[in-house]
Amino acid sequence: MVQTAFLGDVVLTTPLLAALAARHGPVDIVTTPAAAPLLETHPAVRRVIPYDKRGAGRGWPGIRALAARLRREGYERAYLPHRSLRTAALAWLARIPVRIGFHDGWRLLYTEARRRPADGHEIDRLLALAGAAAATYAPGLRPTPEDERAAADLLARGGIQGPFLALAPGSIWGSKRWPYYDQLAVRLAARGAVVAVGGPEDASLGEAIVGAVGRSGGRAVNACGKLTLRQSAALIARAAVLVTNDSAPLHLATAAGTPVVAVFGPTIPEFGFGPVGPHDVSLGVANLACRPCSPHGPPRCPLGHHRCMRDLGPEVVAAAIEETGALHRRG
């Protein structure tokens, strides 16, 4: 398989990996260096082949070099869920005899094009590539015991021993960042400890949360940039609930089975990337003419007002957390 899309997309591909492994045995997968650690411990994966398409492997020289490597492996079949020219060209140049992609991808480079459902969740759309029934397989990740210990140690150093609430304030798309996480954290601090999760680029957002909670007399820890992706998944699995933007932590929580409150601004759950758990909640501002404005969310609001996020107050998100019932089940 070749899947070099965003981290969240890679997590949502794990049900497809499980379906293919059930049919063919554990599979090899080409993915990004960032996503590789998430998949290298997955039971459906035999081997992860990192492909740095933005760095050392960028451009046609990189594609040709990787294609030559794949060709030497003698693969018989390639599944191509990512509908990019790069992915299709890689499998074609590798001379893999059977190349299966979606009908709305680069069909001339496939040997078989399967119809991608227009509606439904992305998990089910991806499973269609294997001809698997919807909801047959669920997202899953496999943190190691070392990952679990790293998450536990971080919590212990922060003095957090019981249930906590996780907040993921970041996104690579600026317009998808809800601006009130610090205010929400102050509201939540009375119910328990708060942990900010994310990458190194989210560290300042995490510090704002920790500072706001500290001034209110509560306890908070900034885990942004302090854990690997698998360790972050292990941490999220311990949380009573995760509040997140439409970004990768949403899908990490789905894989971990942690209840989610997802805040959607320029995008909408109907795109197929919302939470799927029985107690999960998706929030967004209804009846806003400019929403949705982008498949991914632009760097900033094209109209300058960012109402899709600013009009969603912390009291609404706090009420949604109560709606999940997670605080009562794990408290």
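Structure's up top.
Report on the accompanying structure. Remember, it's a predicted structure, so these values are computed and weren't measured experimentally.

A word on the sheet that holds strand β3 (residues 77–80)
Taking strand neighbours across the sheet as the criterion, the three strands line up as β3-β4-β5 in an open arrangement whose pairing is parallel. One side of each edge strand has no neighbouring strand; the edge strands of this open sheet are β3 and β5 (112–114). Averaged over all adjacent pairs, the angle separating strand axes in this sheet is 20°, with direction ignored. In this structure, β3 lies alongside strand β4 (residues 98–102), joined through four bridges in parallel fashion. Note that in β4 the partner of R77 across the bridge is V98. Lying over the sheet, helix α5 (residues 85–93) contacts β3 and β4, oriented at roughly 175° with respect to β3.

As for the packing of helix α10 (residues 229–238) against helix α11 (residues 248–256)
Running from N to C, α10 and α11 cross one another at 60°; their axes reach a closest spacing of 9 Å. Relative to α11, the element α10 lies oblique. The two elements α10 and α11 cross, and the hand of that crossing is right-handed. Every residue of α11 that contacts α10 at L229, A233, I236 and A237 is listed here: P249, L252, A253 and A256.

Some thoughts on the environment of A289
You can see A289 is positioned in the loop between β11 (281–283) and α12 (307–310). Once the C-alpha coordinates of A289 and C308 are considered, the two residues, 19 residues apart in sequence, prove to be 9.9 Å apart.

Looking at the environment of R114
Considering the arrangement of structural elements, one finds R114 in strand β5. Between the alpha carbons of R114 and A18 there is a distance of 19 Å; along the sequence they are 96 residues apart. For R114, the residues in contact, after removing those within four places along its chain, are Y79, I100, G101, F102, H103, A128, L129, A130 and G131. At 2.8 Å, the side chain of R114 and the side chain of E112 are in polar contact.

Rules and cut-offs
Residues numbered from 1 in each chain as written. Predicted model: local features only at pLDDT ≥ 70, side-chain atom pairs only at ≥ 80, totals over all residues. Heavy atoms only, no water. Pairing = 2+ DSSP bridges. Helix = DSSP H or I, 4+ residues; strand = E, 2+ residues; numbered from the N terminus. Axes fitted to C-alpha atoms, helices over the stretch in contact; angles between N-to-C directions. Contact = heavy atoms within 4.5 Å. Parallel < 35°, antiparallel > 145°, perpendicular 65-115°, else oblique. Left-handed = near helix turned anticlockwise from the far one by under 90°. Polar contact = N/O pair within 3.5 Å; in protein donor to acceptor, adjacent residues only side chain to side chain.

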